[in-house]
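Next come the chains, spelled out residue by residue.
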Amino acid sequence: LDMRRWVFTALLLVLAMLLPWIALFATTYASYERDRDSDTRARLTDLASQVGARVDDQVGTIEGILLTVAQAATMDAGRVADNDALLRRLRSELPSYISNLALWNRAGQNVGSSDPDPETARKLDVASHRFFREALHTKGMTVGRPIESRATGAWSLTMARPIRHDGTLTGVVSLTARLDSIAR
C-alpha cells in the first residue's frame, strides 16, 4: 500500500511540474496561431489593395484609349480604310495585352479594325454581343464577359463605349484585352 501511495504521489508531483509547461505551450501556440492569422490577413489586404490599384490604372488607361478613338474615328462608310489605318497605328503604340481595337456602326457591323486582316472583322456582326448592346445604352465604358479563344484557349475581355458625334449616337468603339497578359 505504501508503494502505491508513493507512486501516486510521484505521479502527482510529475503532473504538477508538467502542468505549467503544458499551459505555457498551449498559450504560446494559441498566440502564434492568432499572430499568423493576423499576419496573413494583413498580407492579403495589402495584396488586394495593390491588385485593386493596378486594375484601376488599367481600366483608366483603357477608358482613355476608347474615348480617344471614339473622338478620332469617323463613321463614314467611305472612310473605313482610314479607320483601319488609324486603329493599326494606335494598336502598335499600345500595351501588348491589348489585342484588338474595332469600330462598329449602330447596327453592329464593323467599320474599322486594328486587325492585320480587317476583312475577318468585316464578317462579324456584334449586335447580339453584351459589350455592344450595353455600350449603345450608356454614356461610359462597358465590359463584356470573358471569352475563351477557340484557337488558342486564351481568355480575353472586350470593353466598349459609345461613339457620339455632336450628341448623336453613331456607333461603338471596342477594345479587346488578353487577360493572361493584363496581370503582368
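Let me begin by describing the structure that accompanies this report. (Residues numbered from 1 in each chain as written. Predicted model: local features only at pLDDT ≥ 70, side-chain atom pairs only at ≥ 80, totals over all residues. Heavy atoms only, no water.)

**Quick word on the pairing of strand 1 (residues 98–105)**
Link 1 in the chain: Most of strand 1 is tucked away, with six of its eight residues classed as buried.
Link 2 in the chain: Strand direction decides the pairing type here: strand 1 and strand 2 (residues 110–113), joined by three bridges, are antiparallel. Pairing of Ala 102 across the sheet is with Ser 113, part of strand 2. (Buried < 20%, exposed > 50% of the residue type's maximum accessible area, 1.4 Å probe, protein only. Helix = DSSP H or I, 4+ residues; strand = E, 2+ residues; numbered from the N terminus. Pairing = 2+ DSSP bridges.)

**Quick notes on the packing of aromatic side chains**
Link 1 in the chain: In the structure shown here, the tally under the stated rule is two aromatic pairs.
Link 2 in the chain: Taking 6.3 Å as the distance between ring centres and 35° as the angle between the ring planes, the aromatic pair formed by Tyr 29 and Tyr 32 counts as tilted. A residue pair is termed a helical-turn pair when its members lie 3 or 4 positions apart in one helix, as Tyr 29 and Tyr 32 do in helix 1 (residues 2–72) at three residues.
Link 3 in the chain: With relative accessibility at 45%, the residue Tyr 29 sits in the partly exposed group. (Phe/Tyr/Trp six-rings, centres within 6.5 Å; stacked < 30°, edge-to-face > 60°.)

**Looking at the environment of Leu 15**
Link 1 in the chain: Within the element layout of this structure, Leu 15 appears in helix 1.
Link 2 in the chain: Its relative accessible area of 49% is what places Leu 15 among the partly exposed residues.
Link 3 in the chain: For the pair Leu 15 and Met 3, spaced 12 residues apart in the sequence, the C-alpha separation amounts to 18 Å.

**Some remarks on unusual backbone geometry**
With the exception of glycine, most residues fall at negative phi, and the peptide bonds are largely trans.
Link 1 in the chain: One non-glycine residue, Asp 166, adopts positive backbone phi at about 55°.
Link 2 in the chain: For Asp 166, the position within the fold is in the loop between strand 5 (155–165) and strand 6 (168–178).

**Thoughts on the pattern of salt bridges**
Link 1 in the chain: In this structure the tally under the stated criterion is five salt bridges.
Link 2 in the chain: A salt bridge links Asp 39 to Arg 43, with the nearest nitrogen and oxygen atoms 3.3 Å apart. Note that Asp 39 and Arg 43 are positioned in helix 1 at a spacing of four residues, about one turn of the helix.
Link 3 in the chain: Close ionic contact of Asp 82 with Arg 79 constitutes a salt bridge, the shortest N to O distance being 3.0 Å. (Salt bridge = Lys/Arg side-chain N within 4 Å of Asp/Glu carboxyl O.)

**So, the nonpolar core**
Link 1 in the chain: Within the largest apolar cluster, 22 residues are counted, with the highest numbers of intra-cluster contacts made by Ile 62, Ile 65, Leu 66, Leu 103, Met 159, Val 173 and Leu 175.
Link 2 in the chain: Tallying contributions element by element places helix 1 first for this core, with five residues.
Link 3 in the chain: Ignoring sequence-local partners within four residues, the contact set of Leu 103 consists of Val 69, Ala 73, Asn 83, Leu 87, Gln 109, Asn 110, Val 111, Gly 112, Ile 163, Val 172 and Val 173.
Link 4 in the chain: Counting residues in hydrophobic clusters, the runner-up holds 10 residues, among them Trp 104, Val 126, Phe 132 and Ala 160. (Core = buried A, V, L, I, M, F, W, Y, C linked by side-chain atoms within 4.5 Å. Contact = heavy atoms within 4.5 Å.)

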